[in-house]
Each structure stands twice: as C-alpha cells, then as structure tokens.
Amino acid sequence: MSVNTQKTVEKMNILLIGSGGREHALGWRISQSPKCRKLFIAPGNGGVENISERIDLDISNHDDVLTFCELTNINFVVIGPEAPLIEGLTDSLRNAGILTFSPSSAAAQLEGSKHFTKTLCDQMNVPTADYRYFTDAVSAKQYVAHTPIPLVIKADGPADGKGVTVAKTLKEAYIAIDSCFDGLFKKSKSKVIIEEFLTGEEVSMFFLCEGRDAIPFGTAKDYKHVGDGNTGPNTGGMGAYSPSPLANDAMVNQVLNSIILPSLQGLSDSGISFSGILFAGLIIGDDGPKLIEYNTRFGDPECQVLMMRLQSDLLTTLLDCAQGRLKEVTPIWSNKIALTVVMAASGYPSLYKKNSQIKGLENIDHDNVHVFHAGTEHINNQIQAIRGRVLNVTALGRTLLEAQKKAYDFVKKIDWPEGFYRRDIGFQGIQEKENN
Ligand code: AMP
Ligand code: GLY
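Residues numbered from 1 in each chain as written. Chains lettered and ligands numbered in written order. Predicted model: local features only at pLDDT ≥ 70, side-chain atom pairs only at ≥ 80, totals over all residues. Heavy atoms only, no water.

A. Broad picture of the overall build of the protein. Helices and strands together make up the secondary structure of the protein, namely 13 helices and 23 strands. For the C-alpha atoms alone, the extent of the protein along its principal axes is close to 80 × 50 × 45 Å. A sequence separation of at least 24 residues applies to 68% of the contacts in the protein between residues at least 6 apart. Counting every atom, the protein has about 19,100 Å² of accessible surface; 49% of that belongs to carbon and sulfur. Here the protein holds 43 positive side-chain charges and 50 negative ones, and the gap between their average locations is 3 Å. (Helix = DSSP H or I, 4+ residues; strand = E, 2+ residues; numbered from the N terminus. Contact = heavy atoms within 4.5 Å. Areas by Shrake-Rupley, 256 points an atom, 1.4 Å probe, with all protein chains shown as cover. Lys, Arg positive; Asp, Glu negative; His and termini not counted. Charge placed at Lys NZ, Arg CZ, Asp CG, Glu CD.)

B. Layout of the sheet that holds strand 3 (residues 53-54). An order of 3-2-1-4-5 is seen for the five strands of this open sheet, with the pairing classed as parallel. Only two strands of the sheet have a single partner each, and these edge strands are strand 3 and strand 5 (99-101). Where strand 1 (residues 12-18) and strand 2 (residues 36-43) come together, seven bridges link them in parallel fashion. Paired with Ile-14 across the strands is Leu-39, a residue of strand 2. Contacts from helix 1 (residues 21-31) reach strand 1, strand 2 and strand 4 (76-79) within the one sheet, and its direction differs from that of strand 2 by about 165°. (Pairing = 2+ DSSP bridges. Axes fitted to C-alpha atoms, helices over the stretch in contact; angles between N-to-C directions.)

C. Structural context of the packing of helix 1 against helix 11 (residues 314-322). Relative to each other, helix 1 and helix 11 sit at 100°, their axes nearing to 7 Å. Considering their axes alone, helix 1 and helix 11 lie roughly perpendicular with respect to each other. On helix 11, the residues touching Leu-26, Arg-29 and Ile-30 of helix 1 are Leu-314, Leu-315 and Leu-318. Across the contact of helix 1 with helix 11, the residue classes tally to five nonpolar, no polar and one charged. (Parallel < 35°, antiparallel > 145°, perpendicular 65-115°, else oblique. Nonpolar A, V, L, I, M, F, W, Y, C, P; charged D, E, K, R; others polar.)

D. Just the sheet that holds strand 20 (residues 376-379), in detail. Spatially, three strands are ordered 18-21-20 in an open sheet, and the strand pairing comes out antiparallel. Here the strands that pair on one side only, and so sit at the sheet edges, are strand 18 (356-358) and strand 20. Going from strand to strand, the sheet's axes swing by 50° on average, the running direction of each strand aside. When strand 20 meets strand 21 (residues 382-385), the two strands line up antiparallel, connected through four bridges. Along strand 21, the bridge assignment pairs Thr-376 with Ala-385.

E. Focus on unusual backbone geometry. The peptide bond linking Ile-149 to Pro-150 adopts the cis configuration, its omega dihedral lying at 0°. Checked against the element boundaries, Pro-150 lands in the loop between helix 7 (137-145) and strand 7 (151-155). Look at Asn-230: it is not a glycine, yet its phi comes out positive at around 55°. Looking at Asn-230, the relative accessible area reads 36%, which means it is partly exposed. Positive phi, normally seen in glycine, also occurs at Asn-381, with a value near 60°. In this fold, Asn-381 is placed in the loop between strand 20 and strand 21. Relative accessible area serves as the criterion here: at 85%, Asn-381 is assigned to the exposed category. (Buried < 20%, exposed > 50% of the residue type's maximum accessible area, 1.4 Å probe, protein only.)

F. Focus on the side chain of Thr-317. Along the chain, Thr-317 turns up in helix 11. Taking relative accessible area as the criterion, Thr-317 reaches 6% and is therefore assigned buried. A distance of 3.0 Å separates a polar side-chain atom of Thr-317 from the backbone oxygen of Asp-313. Setting aside anything within four residues of it in sequence, one finds Thr-317 in contact with Leu-208, Phe-217 and Val-329. (Polar contact = N/O pair within 3.5 Å; in protein donor to acceptor, adjacent residues only side chain to side chain.)

G. Here's a closer look at the nonpolar core. In this structure, Phe-76 and Met-307 are the most contacted members of the largest nonpolar core, which totals 41 residues. Among the elements that make up this core, the one with the highest residue count is helix 11 (six residues). Excluding residues within four positions of it along the chain, Met-307 makes contact with Ala-25, Leu-26, Trp-28, Arg-29, Phe-217, Phe-298 and Leu-314. Val-341, Leu-361, Ile-364 and Ala-385 belong to the second largest nonpolar core, which has 28 residues in total. (Core = buried A, V, L, I, M, F, W, Y, C linked by side-chain atoms within 4.5 Å.)

H. Structural context of the site of ligand 2. The local shell around ligand 2 consists of Asp-222, Gly-236, Phe-279, Asn-295, Arg-297, Gly-299, Asp-300, Pro-301 and Glu-302. With respect to ligand 2, the side chain of Asp-222 contributes an N or O atom lying 2.9 Å from a nitrogen atom. A distance of 2.9 Å is found between an oxygen atom of ligand 2 and a backbone nitrogen or oxygen belonging to Asp-300. Burial of ligand 2 by the surrounding chains reaches 90%, relative to a free accessible area of 200 Å². A class-by-class count of the residues in the shell around ligand 2 yields two nonpolar, three polar and four charged. (Near = heavy atom within 4 Å.)

No statement about biological role is implied by the geometric values presented.
Rendered as structure tokens:
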C-alpha cells in the first residue's frame, strides 16, 4: 500500500492592491504559488487579466475594501503602492483581523515624511546626507544663498517621485523652494529639507522586515532620469537591472548593520513595529553607503527585475513575513541578470497624450522575456496607453549585455509611435564591467 506523504497545501484568496508594473510583476509571481486559490487585483491594468480577476474598488474607502474582503473570503492582502499605506489601509485591514503584507501608517512615515526619517537617522546615527529643515520659503532661501551649491531640495512628503531637485544654481534652488511652498506638491504640507549633495553611485536595496529583524531581499540599479545619459527631469524610474554590481554581500551586510537594523530599532523604541518591505535608496561614496531615502514598498520598476530573478515562492515569503516567521525565509534568486526597459507616453513626466493604441504585444512573452503592463487598458478591443509609464519590457540573461539585448530586441517589436524609452538602460553597468 502506498502512503501519500504529500502535505495538502492550504489555498488562499489573495487581494493585491495597485495598478502598476510592480503589481503586474507581484501578481504574476503570487499567481504561480501552489497556495494561491484565487488572485484579485484592485484595480490592476490591461495586462493582469490572465493572472487575476480585476476589481474596481475605491481603495481610499476602507469600508469598501473591508466589505469586499468579507464577501469574497480574502485570506491575505498585499498592498503595492505607498499612498494606501500612508493613508492607513494596512491598519484598517489588520484591525478587522485580515492578514496583510505591508507596513502600518506609523511605519510608512519612513516614506511619507523625509523629516521623520532624517530625525530617526539623527537619533540612531544612521549615515545620511547632512540637512536642514525649513517651514518657510524666506528662511530656506536665506540658507541656500549662504551655502555652497549643488544642494538637494526635497519636498517633505509624497510627491510621486517628483519632489526632489538637485539644484546646480541658486536660481534652480529658489525655483525648487518656491514649488515646495506654492503647493505644487500639495500633499507635502509645505515643508522642505535641504540636503548636502552626495557624490557616488546609487543603488536600491530591499529588505524584508519584521519588528527589529530584517533580511536582504534583492538589489537593483534604477534609472530615474527621463533622458539618455541621465538627463532631463526625474521620473518614477525609466528602467532597472538586478543585481546591482555595487551590492556584493559585504556591502549588503554593511547596509543591513549600519542603516536598516538601527532604523528598525529606533522605530521599535518609539513603539512602531515595521512589517513589510523596506526599500533603501543609497549613495555609495568614498566613505561608504549613505541613505538618501526610504520607501516602504517595492520599487517600480525595481520590483519587475526582482520578480524575474526570484525562484522561491513569493506568496510563502510574504506570508512568512506577515506572520512573524522571517527567520524561516531564505529567498532563492536566479544568478542571471534581469533588466527592464520602461516604455512611457511621449511627454512623460510632463503632460502626455492618453488613449494611443499599442500594437505588437501578442505572443511577446517568452521564457526569459516578460512584458509587465503599467498604464494600459483594454478599450474598444485595443490595448491603449492611459498613464505616463505604460510597459516594462523585462528580460533575463546570463550577462547584463545579454539581458539588455533581449529586452531591447523585444522593445523594438512593440508598435507604439506615441511612446518612447531610454536607449541606455544597463550601459553604465556594462561599461563598469568592461573597465574592470
Ligand atoms: P529621492 O526621491 O530622495 O530618492 O531623490 C531622487 C533622486 O535625487 C535620487 O535618486 C538621487 O539621484 C538624487 N538625490 C537625492 N538626494 C540626494 C543627495 N543628498 N545627494 C545627491 N543626489 C541626491
Ligand atoms: N523606482 C523608484 C521608486 O519606486 O521609488
């Protein structure tokens, strides 16, 4: 008689919140888990219909979200973007007894307020850029007039990745200060941080956190500027690759010990427990890594390249983190390189036209190439672009060059005259490798 020793896997209904390329990539991995019975994405985008059921929910109405969870027997909620975290959706779900992967609104202040993070860094001796904090434009301008340029001017609050100006002239600094105080960044509550300009290389590092504990969860290089050669304004990110060549194990451990763990301890000392993913934006200079910002969510497009490389079960990992079993998590990564090229609507990050048709997406997915959708929608039997960042063409390769070639080969197959993309994603890394 044969004995069936296989454990039955408890299946779950999952609600994933968000509509970007990040959520397409997270949903893609979650839907592959043997623990996933049904995945709902609210609101999702034009690319997620084959992995999930899309739900039209007003995320800012927490009662609506709770009612949906109750009616559809949701067992686990994963929140992608920062706005619902800052607005306390995690807290509402947890208070209603619904298991949620993501930090509370108190912990999300690490992203929601740069002043909060800077104060924590001061308290815990976390290496970061020197700074001053102002609540009125006159004092801020007086300060910059007497301080060497370049300086970095930051609105103190969520500004969709557009609240930071590296001012190379006094005039640019004044304009940036005025934008912060004139309500251009409405949610940022008219406070400004003025920071020393750090030189070095940027890297994005991710850590799964639970209270005072954290484990590394991947690294990436993001391309924030809109134009080739890092020119033009900052965007949410125009491309990325993973892992970052700067982030060897020693560097990741240094960041864990000198930046992440002290930050978690400082939060915990003030009664805040961080549970979820912590994304550290860092500059590595001659005197080691310094924190330039925290985000309390996965990066977009960094998440897309992490998910291409992740080989272990994402859903189990997120559940282990949310249920306090971080010590059991051992992520397994492909040792290949993943690279993503963002295709955006012409004009982004300023004004851009909506509802242009995208063709050529059929049959593009391939074992080592995947197109994650962001601002797309099915309209009139077409795939149309409806937001600034629209597609993420993502490839895996044995080398950065191979990943880059594959991604760009597929980008060229997409027929979308109203879109554009950077042509140099990965080049800096390839040159660094060649020069070594
Ligand atoms: P943040 O939103 O704080 O990550 O800033 C956006 C971008 O501005 C970063 O990715 C950096 O390229 C740049 N930046 C921010 N802070 C600094 C700094 N203190 N020194 C140099 N560059 C910075
Ligand atoms: N790509 C940068 C971010 O997600 O904030």
